Amino acid sequence: MTSPRTASAADERLRRWRLVLGGEGSADGTGRALSGTDAAMDRTLEALYGPYGPGPGPGADGGRSGSREAGLGGSAPRVARWLGDIRTYFPASVVQVMQRDAVDRLGLSSLLLEPEMLEAVEADVHLVGTLLSLHKAMPETTKETARAVVRKVVEDLERRLAGRTRATLTGALDRSARINRPRHRDIDWDRTIRANLKNYLPEYRTVVPERLVGYGRAARAVKKDVILCIDQSGSMAASVVYASVFGAVLASMRTLDTRLVVFDTSVVDLTDQLTDPVDVLFGTQLGGGTDINRALAYCQSRITRPAETVVVLISDLYEGGIREGMLKRVAAMKASGVQFVTLLALSDEGAPAYDREHAAALAALGAPAFACTPDLFPEVMAAALEKRPLPVPDTAA
């Protein structure tokens, strides 16, 4: 005899399979009918992932002869209702995936130019990337709404990332500023004692401080220069968003002099807009070609203290400019003392598509290229500032 608990578990499995399979009636033989919330949830999934083409619905043959596409159609009110439905039935993380699929599968980008649509969507980094690629075409009535959406995402990212970034980099800067012949008032006694424990004299119950550890006196002076050089080609949208937020955080630290440069086939210096990452983002123009060599030439021309400079190139390395020139510039910067970091992506997306030949060439120069998550970025920057090995993932080139 089947126990109630076993029967309930079996029914739940059928329910889930029914939602996965979609369709009408018995859903390919599951025999599990849907009703109430489940039926409404199924309709929202069917609209995006179902068999009907983008139009008013099935044709005379029931819609089965067409290609397997979704059925939201081109109506803004209909899409707005669908966006409201998915927010009702699914958690925010799932909503963001479904919105992304709707844009990719159905070509709904044009509808994001309407203010009422923007107000209905669940904002995330990928939506911001889409808006940035569209903002040149936005009507004036939509631009303020778009900025509000972008600002909400940026502020959420700043709240999540800023505190840890500042704390990590402040510690790295303090450690890099320690000196071994400090004046008495600049001695860091805790670290001095730890550094000299081997010189403990039991008979005198004391430590002989052969080496003094202290902080530099110019604690408030600029200690390091940072140049963020960001590829703004369309595939780098999420990286541009995160890099702009981190650029604003770094610019807020007095001990860093931060410069932000974006490029495609041209180069734009957005350093004067770093106080507001939203302005930075709307100053980019996603898409177009890529000339890394030209961008690095500009960055190289702005370096005045090579030994105290960190250059972070964020790019998939698909170079449309002069490959040999790009590599020579990286080699020259490293030879002068610059800490050079190559990030293939700055996002949570996982392994990106990138030019493996160029990545291998940079690695041979001592500039390993790897994808970096936003949570790892502070550690990468701290290592670069302290001139110690980077925390490179195993999948790096």
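These lines cover the structure that appears in this document, whether it is placed above or below. (Residues numbered from 1 in each chain as written. Predicted model: local features only at pLDDT ≥ 70, side-chain atom pairs only at ≥ 80, totals over all residues. Heavy atoms only, no water.)

## Digging into the packing of aromatic side chains
- Enumeration according to the criterion identifies one aromatic pair in this entry.
- Between F246 and F377, the ring centres sit 4.5 Å apart and the planes meet at 40°, which makes this aromatic pair tilted. With a gap of 131 residues between them, F246 in helix α9 (residues 237–251) and F377 in helix α14 (residues 377–386) connect regions that are remote in the sequence.
- The exposure class assigned to F246 is buried, which follows from its relative accessible area of 1%. (Phe/Tyr/Trp six-rings, centres within 6.5 Å; stacked < 30°, edge-to-face > 60°. Helix = DSSP H or I, 4+ residues; strand = E, 2+ residues; numbered from the N terminus. Buried < 20%, exposed > 50% of the residue type's maximum accessible area, 1.4 Å probe, protein only.)

## So, unusual backbone geometry
- Residues other than glycine seldom take positive phi values, yet R205 does so here, at roughly 50°.
- Counting through the fold element by element, R205 comes out in the loop between β2 (200–201) and β3 (206–207).
- Phi at L317 is positive, roughly 70°, even though this residue is not glycine.
- Residue L317 is classed as buried on the basis of its relative accessible area of 0%.

## Topic: the pattern of salt bridges
- Taken as a whole and judged by the stated rule, the model has 12 salt bridges.
- Between E379 and R164 there is a salt bridge, with the nearest N and O atoms lying 3.5 Å from each other. You can see E379 sitting in helix α14 and its partner R164 sitting in helix α7 (residues 140–177), a full 215 residues away along the chain.
- Classification of E379 by relative accessible area gives partly exposed; the value is 30%.
- For D225, the salt bridge is made with R305, and the minimal N-O distance between the two is 3.3 Å. Placement of D225 in strand β5 (residues 224–231) and of R305 in the loop between α11 (292–301) and β8 (309–314) is noted, with a sequence separation of 80 residues between them.
- Judged by its relative accessible area of 11%, D225 falls in the buried class.
- Here the salt bridges do not stand alone but share partners, grouping K152, D156 and R159 into one network. (Salt bridge = Lys/Arg side-chain N within 4 Å of Asp/Glu carboxyl O.)

## Focus: the sheet that holds strand β10 (residues 369–372)
- Strands sit in the order β7-β6-β5-β8-β9-β10 across an open sheet of six strands; the sheet is mixed. With one partner strand each, in any of the chains shown, β7 (267–269) and β10 form the two edges of the open sheet. This sheet shows a mean twist of 25° between the axes of neighbouring strands, independent of strand direction.
- Across eight bridges, the pairing between β5 and strand β6 (residues 256–263) is parallel. Bridge pairing in β6 places I230 opposite V262. (Pairing = 2+ DSSP bridges. Axes fitted to C-alpha atoms, helices over the stretch in contact; angles between N-to-C directions.)

## Focus on helix α6 (residues 125–134)
- With respect to burial, α6 is a largely interior element, eight of its 10 residues being buried.
- Restricting attention to buried positions, one finds in α6 the residues V125, L127, V128, G129, T130, L131, L132 and L134.

## Topic: the packing of α6 against α9
- Across the interface, α6 lies against α9 with an axial gap of 8 Å and an inter-helix angle of 105°. The angle between α6 and α9 places the two elements in the roughly perpendicular class. For the pair α6 and α9, contact is made by V125, V128, G129 and L132 and by A237, A238, V241 and Y242, respectively.
- Here the contact of α6 with α9 is built from residues that sort into seven nonpolar, one polar and no charged. (Parallel < 35°, antiparallel > 145°, perpendicular 65-115°, else oblique. Contact = heavy atoms within 4.5 Å. Nonpolar A, V, L, I, M, F, W, Y, C, P; charged D, E, K, R; others polar.)

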